[in-house]
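Here is what each chain is made of, one letter per residue.
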Amino acid sequence: MAKILFVVSGATYLTLKDGTRYATGYWAEEFAAPYKALTETGHQVVVATPRGVTPNVDMMSLRPEMAGGVEGALELEAIIRSAEVMRRPLKLSDVRIEDYDAVYLPGGHGPMEDLWVDADAGRILTGQLASGRPLAIVCHAPAAMLATRIHGVSPFKDYRVTCFTNDEEEAVGLASRTRWLLEDELKELGVEFSRGEIWKPYMVEDRNLITGQNPHSAAILADRLMQILE
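Residues numbered from 1 in each chain as written. Predicted model: local features only at pLDDT ≥ 70, side-chain atom pairs only at ≥ 80, totals over all residues. Heavy atoms only, no water.

Asker: Explain the packing of helix H1 (residues 28–40) against helix H6 (residues 218–229) to me, please; I cannot follow it from the model alone.
Answerer: Axes are the key here: two packed helices are described by the angle between their axes and the distance separating the axes. Two numbers describe how H1 lies on H6: the axes approach to 8 Å, and their chain directions differ by 30°. Relative to H6, H1 is oriented roughly parallel. Regarding H1 and H6, the two cross each other, and that crossing is right-handed. Of the residues in H6, those in contact with Glu29, Glu30, Ala33, Pro34, Ala37 and Leu38 of H1 are Ala218, Ala219, Ala222, Leu225 and Met226. (Axes fitted to C-alpha atoms, helices over the stretch in contact; angles between N-to-C directions. Helix = DSSP H or I, 4+ residues; strand = E, 2+ residues; numbered from the N terminus. Parallel < 35°, antiparallel > 145°, perpendicular 65-115°, else oblique. Left-handed = near helix turned anticlockwise from the far one by under 90°. Contact = heavy atoms within 4.5 Å.)

Set out below in structure tokens:
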């Protein structure tokens, strides 16, 4: 069975353009759905965060209206509570990508606070992309691609990529409040941006890179990852 590295934000807030802090972290569904699917099929998951801090779940992602109802919210909570790996993450600086068969990054707004400028996240993504082994990134986590720039140039240039769209950011009321928009920044990076309908699962695969647009895309990314790892 495979060993998969989950690179998770350690942020507890997103700094908005007016300097206020918006409570956030990782999005429950984006961690829980792939974690459950991978571990139930016998794969091993290892979690790493900046400085090895314990990841913080965005509490909004556990609200029944965000989790498909009360049962859905309770299931997400149960998965997260059972995930011992989340309570003892590695430091990103200690990660050797050659130890893993695949790398996955869940989103939430957290990556827009820490991973986008984290040198170790940039090193891990650059190395994994070059290795040819699967690299799966969902929702806001493509923000970590911004940390791969050297003299303004990223190895993700010209790759087909999706992420949480400007329209989705507008729908949650943050488009006008954030310091920058992920879709815009990825286009500036030189990726070939692609998107589906808002809130619908949408996945893009280009070589060994698999990206998902939004929280509902995490499950289809996990399914594709398991197919590749078979």
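Asker: What should I look at first to understand the nonpolar core in this one?
Answerer: One broad rule of soluble globular proteins: the nonpolar side chains tend to lie buried together. Counting 38 residues, the largest nonpolar core has Leu5, Leu105, Leu135, Met145, Leu186 and Leu209 as its most contacted members. Mapped onto this core, the elements with two or more residues apiece are strand E1 (3–7), strand E4 (44–49), strand E6 (102–105), helix H3 (119–131), strand E7 (135–138) and helix H5 (182–189). If you tally residues by element for this core, the top one is H3, at 4 residues. Every residue in contact with leucine 209, bar those within four places of it in the chain, is listed here: Leu129, Leu135, Ile137, Met145, Phe156, Tyr159, Arg160, Val161 and Val204. By size, the runner-up hydrophobic cluster in this structure holds 36 residues, among which are Met86, Val138, Ala218 and Ala222. (Core = buried A, V, L, I, M, F, W, Y, C linked by side-chain atoms within 4.5 Å. Buried < 20%, exposed > 50% of the residue type's maximum accessible area, 1.4 Å probe, protein only.)

Asker: What am I meant to see in the pattern of salt bridges here?
Answerer: If charged atoms from side chains of opposite charge come close, those side chains can pair. Scanning the model with the defined rule gives 15 salt bridges in all. One salt bridge connects arginine 195 with aspartate 167, and the closest N-O pair in it is separated by 2.8 Å. Residue arginine 195 is located in the loop between strand E9 (192–193) and strand E10 (203–206), and its partner aspartate 167 is located in helix H4 (residues 166–171); the two are separated by 28 residues in the primary sequence. On the basis of relative accessibility, which here comes to 33%, the residue arginine 195 falls in the partly exposed class. (Salt bridge = Lys/Arg side-chain N within 4 Å of Asp/Glu carboxyl O.)

Asker: Explain the sheet that holds E7 here, please?
Answerer: Adjacent strands of a sheet form backbone hydrogen bonds with each other and so pair up, either parallel or antiparallel. The strand order E5-E4-E1-E6-E7-E11-E10 describes an open sheet built from 7 strands, whose pairing is mixed. Only two strands of the sheet have a single partner each, and these edge strands are strand E5 (90–91) and E10. Strand direction decides the pairing type here: E7 and strand E11 (residues 209–212), joined by 4 bridges, are parallel. If you follow isoleucine 137 over to E11, its bridge partner there is threonine 211. (Pairing = 2+ DSSP bridges.)

Asker: Just checking my understanding: could you explain H6 for this structure?
Answerer: Turn by turn, an α-helix covers 3.6 residues, leaving residues three or four places apart pointing in a common direction. Look at H6: 16 Å from first C-alpha to last across 12 residues, which is about the 16 Å you get at 1.5 Å a residue. When H6 is considered as a whole, its buried residues turn out to be Ala218, Leu221, Ala222, Leu225, Met226 and Leu229. Along the axis of H6, the buried residues cluster in a sector spanning 135°; they form a single face. Those residues of H6 hidden inside the fold are in contact with E1, H1, E6, E7, E10 and E11. (Expected span 1.5 Å × (residues − 1). Arc of directions from axis to C-beta.)

Asker: Help me understand the pairing of E1, please; the structure alone is not making it clear to me.
Answerer: Consecutive side chains along a regular strand alternate between the two faces of the sheet. Of all 5 residues in E1, 4 are buried; the element is thus mostly enclosed. In this sheet, E4 lies alongside E1 in parallel orientation, the contact comprising 5 bridges. Looking at E4, one finds that leucine 5 is bridged to valine 46. Relative to E6, E1 runs parallel, the two sharing 3 bridges. Bridge pairing links phenylalanine 6 to tyrosine 104 in E6.

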